[in-house]
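Chain by chain, the residues run as shown.
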Amino acid sequence: MTMARTLAKTYDPRTVEPRLNEHWQRNGVYHFDRASDRPTYAIDSPPATVSGHLHLGHAYSYSHADFMARFWCMNGYNVFYPMGFDDNGLPTERLVEKRMGVTAAQIGRQAFNQLCLDVGRSFEEEYQALWQRLGLSIDWRFSYRTIDTLSRRTSQQAFLDLHRKGLAYQQDAPTIWCPECRTAIAQAELEDLPRQTTFYTLAFTLPDGTTLPIATTRPELLPACVAIFVHPDDPCYSGSIGSMVRIPLMEREVPLLADPLASPEKGTGAVMCCTFGDATDVEWWRVHQLPLLAILDRDGRLNDSSGDLAGLTITEARARIVEALRTARLLLSEQTQPQSVRVHERCDTPVEHLVTRQWFIRVLDHKAEFLAAGERIRWHPAHMGARYREWVENLKWDWCISRQRYFGVPFPVWYCTACGETILADDAQLPIDPTVTQPKHPCTCGNNSFTPDHDVMDVWATSSNTPQIVGQWLADPALYQQVFPFALRPQAHEIIRTWAFYTIVKSLYMFDTLPWREVAISGWGLAPEGTAKISKSKGGGPMSPQEMIDKYSADAVRYWAASTGFGKDTTISEERIQAGAKLATKLWNVARLGERVLAGYAPPGTPPALALTDRWLLIRLRRLVERVTTLFTEYDYATAKAETETFFWTALTDNYLELAKMRLYDAAAPLAEGARYTLYTTLRTLLKLFAPILPYVTDEIYTTLFATESDSIHRVAWPRLASLPTADDTEQSAAEAAGDAMVTIATAVRRYKSERQLSLGRELARLEIATDDPMLADSLRASAIDLRSVTRAASVAVSDHLDPSLLKLLASERLRVAIQP
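Residues numbered from 1 in each chain as written. Predicted model: local features only at pLDDT ≥ 70, side-chain atom pairs only at ≥ 80, totals over all residues. Heavy atoms only, no water.

Caption draft 1: Focus on the overall build of the protein. Each helix and strand in the protein was counted, giving 25 helices and 30 strands. Here the C-alpha coordinates of the protein stretch approximately 110 × 65 × 45 Å along the principal axes. When burial is assessed residue by residue, the protein has 57% of its 821 residues classed as buried. Look at the contacts in the protein between residues 6 or more apart in sequence, and 77% of them connect residues 24 or more apart. Of the roughly 33,300 Å² of accessible surface on the protein, a fraction of 49% belongs to carbon and sulfur atoms. Looking at the protein, you have 86 positive and 98 negative side-chain charges, and the mean spots of the two groups are 5 Å apart. (Helix = DSSP H or I, 4+ residues; strand = E, 2+ residues; numbered from the N terminus. Buried < 20%, exposed > 50% of the residue type's maximum accessible area, 1.4 Å probe, protein only. Contact = heavy atoms within 4.5 Å. Areas by Shrake-Rupley, 256 points an atom, 1.4 Å probe, with all protein chains shown as cover. Lys, Arg positive; Asp, Glu negative; His and termini not counted. Charge placed at Lys NZ, Arg CZ, Asp CG, Glu CD.)

Have a look at this one:
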């Protein structure tokens, strides 16, 4: 073969990686081939939420899907690997509010939405540049924005389809409300936030005048109290159930009722039900058909129904009513203790429950169907399927998909001003903004005047259609048929309850099929302290991905990302990134050593005569290929990387290269051609095994030394066992025994030199080996040149006993070693 170029003396990723990335993009190395008859492997990759700068946690999780994409591509699959940007909805709105210092209320909806588009575009350009620099094998021809025309059309069409099937509906109902964001949210957007709070024990009054103590953290909700609940089996209240109880400070009485949700162990065992303090209040209100006293407005302030508390914030009202209770001697005690409060995940604001008119998708009626679907999906790791199952089993609300915000996908809906009928857009009108465009036809009542729906869809209502968006369900049915259902959904574990669940819901409702065969769940990149998840919207952590790439290389960052498997959180470790850079440098240096003997080398069709050392390495290489292939197939890239690296450092660099050095660099040495063939085969194979993890350095070495098949290692086939030399059982046994014995001998000699602070290259006068195994003795005699190479011994002798005058290094049942320094 003719060498196109040679490897530089030192590896400089700062020049090599950008050059290779430009080559990959220019030549479409990662392009999906629509005309190919290879099986399709389609990845429903997560569109990054446009809410701030990307951090190392993103580099960690997004690398995981890329490891698998590269593996399956090298295994003959036509990989469809798109990338999107999730830039519609509340996260992008909050980014713009924070970055630009304005709100839609200040500058108007149209101007604010344009700001969201512009800011989103600038961040998306930043995201794409980082993903390319990190080496993600994305086909950027299929990139999308969840606010673009196709995404809006797809999302609106999905809504219309579900509405026609009776699965999307609108009603006035208690909804989870964020006072900070001033919008309804879904159950999946809640998080539990620990905090210190005060439990106030208030004096309610029973009909006989005795005091009924009730502990609460929400005394400001007293004006909304509609009942008192106790457990039906609580003996403390068995004689009081059904009686009326007077509310402190209020000229009202409410019934004392029994319900199993009231816990006798919590507080005094009696609980006030207010409309609404939490989800349990909502449940009691529905089941017991209680009256509705709504005292909270959408901005988190109390309304006129609260009397003299009207206009106060929740905090202000709490302070006012607590002071009034103290004055009236109706506050029995105050106790500070920890509490877990439900907050909106986007802003950490405690949520309220307000009655509002919202759009919902039915999920509670179909929980059994969704549970069965989860069992048909392969989860990596398997226990993540349990998280999905637990979420579905514990669902309490239908999916609320409407948001009282500005930047998002509008509902294609109007309301007749005459009769109130809901008017849906025609499919041909999509995508549509009902605030700009009117219906094509008058209402059935004959009226031509309409009020548009001003709400926008929840961001997940659009993201749940990512298979349809990127597969171009509406724009390119042939492509959609080729890629759907997708092979893989990679995503983080905290959005199993949202993205995974909602996508399954949409796919089952709309297409009666699962959206993908497998789900691979990545963990979080944690701050160096190892406890806190890094967040885009909260600063992005102490080290930026670009900083680490510039300092150590993209391969080094990917190496760190591959150190932990799917489903596991990991601490961001500069030390591990440094280890990745060290590995890339060592690969380069080994390749440069190999270049001296492989220049112009073309391996013969039939392997040449091999030394036992060669066979030992190639036997281990076969096992490694088989093992690593199985691990990748099982989505265990971390163990695959670790075992490949162990082989590289121990079997190849520490031992084989030292054992075979004399044969490699002396063409006249016995079996020199076998050593050359073995190094060629091993290095070429290892580069392929490392390629999914370290795409840059492997491609640069491969295209320099072995570029006979393709212009990139990422277009060549994964190593096949059939391409590696085989040996019968006798040959294999002899080679393994001899190789293991030589490694043991070499280790003993190295230890001897190290203990005496001698260089490893220090020559020895004589190496003597004794063994009672005749076959091993013959093997070691045949391998004398390799033993001399690794130990730097001038002579090597093998017998059944040792010269007593020599210095003994090793004595075991089957092997004894001595030297003459």
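Caption draft 2: A look at the packing of aromatic side chains. This structure, assessed with the given rule, holds 43 aromatic pairs. Ring centres of tryptophan 359 and phenylalanine 411 lie 5.8 Å apart, and the angle between their planes is 20 degrees; on these two criteria the pair is classed as stacked. Of the two residues, tryptophan 359 is situated in strand β15 (residues 352-361) and phenylalanine 411 in the loop between β18 (402-403) and β19 (413-416); the sequence distance between them amounts to 52 residues. For phenylalanine 411, a relative accessible area of 0% corresponds to the buried category. Through a chain of ring-to-ring contacts, the aromatic side chains of Tyr41, Phe71, Trp72, Tyr77, Phe632, Tyr635 and Trp718 assemble into a single cluster. Seen from the ring of tyrosine 696, arginine 133 lies directly overhead, with NZ or CZ sitting 5.9 Å from the centre. (Phe/Tyr/Trp six-rings, centres within 6.5 Å; stacked < 30°, edge-to-face > 60°. Lys NZ or Arg CZ within 6 Å of the ring centre and 35° of its normal.)

Caption draft 3: Structural context of the packing of helix α21 (residues 672-690) against helix α22 (residues 695-705). Closest axis-to-axis distance for the α21/α22 pair is 9 Å, and the angle between their directions is 150 degrees. For the element pair α21 / α22, the angle class is roughly antiparallel. Handedness of the crossing formed by α21 with α22: left-handed. Side by side, α21 and α22 meet where Leu683, Arg684, Leu687, Lys688 and Phe690 of the first sit next to Thr698, Ile701, Tyr702 and Leu705 of the second. Split by residue class, the contact of α21 with α22 holds 6 nonpolar, 1 polar and 2 charged. (Axes fitted to C-alpha atoms, helices over the stretch in contact; angles between N-to-C directions. Parallel < 35°, antiparallel > 145°, perpendicular 65-115°, else oblique. Left-handed = near helix turned anticlockwise from the far one by under 90°. Nonpolar A, V, L, I, M, F, W, Y, C, P; charged D, E, K, R; others polar.)

Caption draft 4: Molecular detail of empty space enclosed by the protein. According to the stated counting rule, one finds 4 cavities of 30 Å³ or more in the structure shown. For the largest cavity, the calculated volume is near 80 Å³. Lining the largest cavity, in full, are Gly89, Leu90, Pro91, Glu189, Arg346, Arg403, Arg405, Val456, Met457, Asp458 and Val459. The set of elements that each furnish at least two residues to the lining of the largest cavity consists of α3 (90-100) and β22 (456-457). Looking at side-chain class alone, the lining of the largest cavity contains 5 nonpolar, 1 polar and 5 charged residues. (1 Å grid on protein atoms, 1.4 Å probe; cavity = no way out; pocket = protein on both sides within 12 Å on 5 of 7 lines; lining within 4 Å. Points joined across faces, edges and corners; volume = space filled by probe spheres on them.)

Caption draft 5: Quick peek at the side chain of serine 553. Along the polypeptide, serine 553 turns up in the loop between α15 (545-552) and α16 (554-561). A distance of 3.0 Å separates the side chain of serine 553 from the backbone nitrogen of alanine 556, its partner in a polar contact. Not counting residues up to four positions away in its chain, the partners in contact with serine 553 are Pro13, Glu17 and Met548. (Polar contact = N/O pair within 3.5 Å; in protein donor to acceptor, adjacent residues only side chain to side chain.)

Caption draft 6: The arrangement of unusual backbone geometry in detail. Between leucine 430 and proline 431 the backbone carries a cis peptide bond, its omega angle lying at -5 degrees. Mapped onto the elements, proline 431 comes out in the loop between β20 (422-424) and β21 (450-452). Backbone torsion omega between phenylalanine 484 and proline 485 reads -5 degrees, so that peptide bond is classified as cis. Examined against the element boundaries, proline 485 turns out to sit in the loop between α13 (477-483) and β23 (486-492). Even without being glycine, glutamine 472 reaches a positive phi, approximately 55 degrees. Relative to the elements of secondary structure, glutamine 472 occurs in the loop between α12 (466-470) and α13. A positive phi angle is found at glutamine 757, which is not glycine, with a value near 55 degrees.

Caption draft 7: Inspection of the packing of helix α17 (residues 574-598) against α22 at higher detail. Running from N to C, α17 and α22 cross one another at 10 degrees; their axes reach a closest spacing of 10 Å. The angle between α17 and α22 falls in the class roughly parallel. For the pair α17 and α22, the contacting residues are Ala584, Leu587, Trp588, Ala591 and Glu595 in the first and Val697, Glu700, Ile701, Thr704 and Leu705 in the second. Looking at the contact of α17 with α22 residue by residue, the class counts come to 7 nonpolar, 1 polar and 2 charged.

Caption draft 8: Examining helix α6 (residues 149-164) more closely. Between its first and last C-alpha, α6 extends 23 Å over 16 residues, near the 22 Å set by a 1.5 Å rise per residue. Those residues of α6 that sit buried are Ser151, Thr154, Ser155, Gln156, Gln157, Ala158, Phe159, Leu160, Asp161 and Leu162. Sitting at the amino-terminal end of α6 is aspartate 148, which places a side-chain oxygen 3.3 Å from the backbone nitrogen of leucine 150. In the segment just after α6, glycine 166 is the residue with positive phi, at about 75 degrees. (Expected span 1.5 Å × (residues − 1).)

Caption draft 9: Expanded view of the pattern of salt bridges. If you walk through the whole model with that rule in mind, you get 44 salt bridges. Among the ionic pairs, glutamate 93 bridges to arginine 405, the shortest N-O distance being 2.8 Å. Placement of glutamate 93 in helix α3 and of arginine 405 in the loop between β18 and β19 is noted, with a sequence separation of 312 residues between them. When its relative accessible area of 0% is taken as the criterion, glutamate 93 is described as buried. (Salt bridge = Lys/Arg side-chain N within 4 Å of Asp/Glu carboxyl O.)

Caption draft 10: Up close: the side chain of serine 240. Position of serine 240 relative to the elements: it lies in the loop between β10 (225-230) and β11 (244-246). Excluding residues within four positions of it along the chain, serine 240 makes contact with Leu206 and Leu256.

Caption draft 11: Quick peek at the state of the cysteines. For the coordinates displayed, the defined rule picks out 0 disulfides. Note on cysteine 274: no disulfide assigned, nearest cysteine sulfur contributed by cysteine 225 at a separation of 4.6 Å. (Disulfide = S-S within 2.5 Å.)

Caption draft 12: Looking closely at the sheet that holds strand β29 (residues 807-811). Spatial strand order, β28-β27-β30-β29: 4 strands in an open sheet with mixed pairing. Edge positions in the sheet fall to β28 (796-799) and β29, since each of these pairs with one other strand and no more. Neighbour-to-neighbour, the strand axes of this sheet turn through a mean angle of 20 degrees, independent of strand direction. Strand direction decides the pairing type here: strand β27 (residues 766-770) and strand β30 (residues 816-820), joined by 5 bridges, are antiparallel. The residue of β30 that forms the bridge with alanine 770 is arginine 816. (Pairing = 2+ DSSP bridges.)

Caption draft 13: Main features of the nonpolar core. The biggest cluster of nonpolar side chains holds 115 residues, and the ones touching the most others in it are Trp131, Val557, Phe632 and Leu652. Listed in part, the 67 residues of the second largest apolar core include Phe32, Phe159, Phe370 and Trp516. (Core = buried A, V, L, I, M, F, W, Y, C linked by side-chain atoms within 4.5 Å.)

Caption draft 14: Layout of the environment of glutamate 125. Examined against the element boundaries, glutamate 125 turns out to sit in helix α5 (residues 109-134). Separated by 40 residues in the primary sequence, glutamate 125 and phenylalanine 85 have C-alpha atoms spaced 10.0 Å apart.

Caption draft 15: Quick peek at the sheet that holds strand β17 (residues 399-400). Pairing in this open sheet of 4 strands is antiparallel, and the strands run β7-β6-β15-β17 from one edge to the other. Each edge of the open sheet carries a strand with a single partner, namely β7 (183-185) and β17. Of the pairings in the sheet, the one linking strand β6 (residues 168-178) to β15 comprises 10 bridges and is antiparallel in character. By the bridge assignment for β15, tryptophan 177 is matched with glutamate 352.

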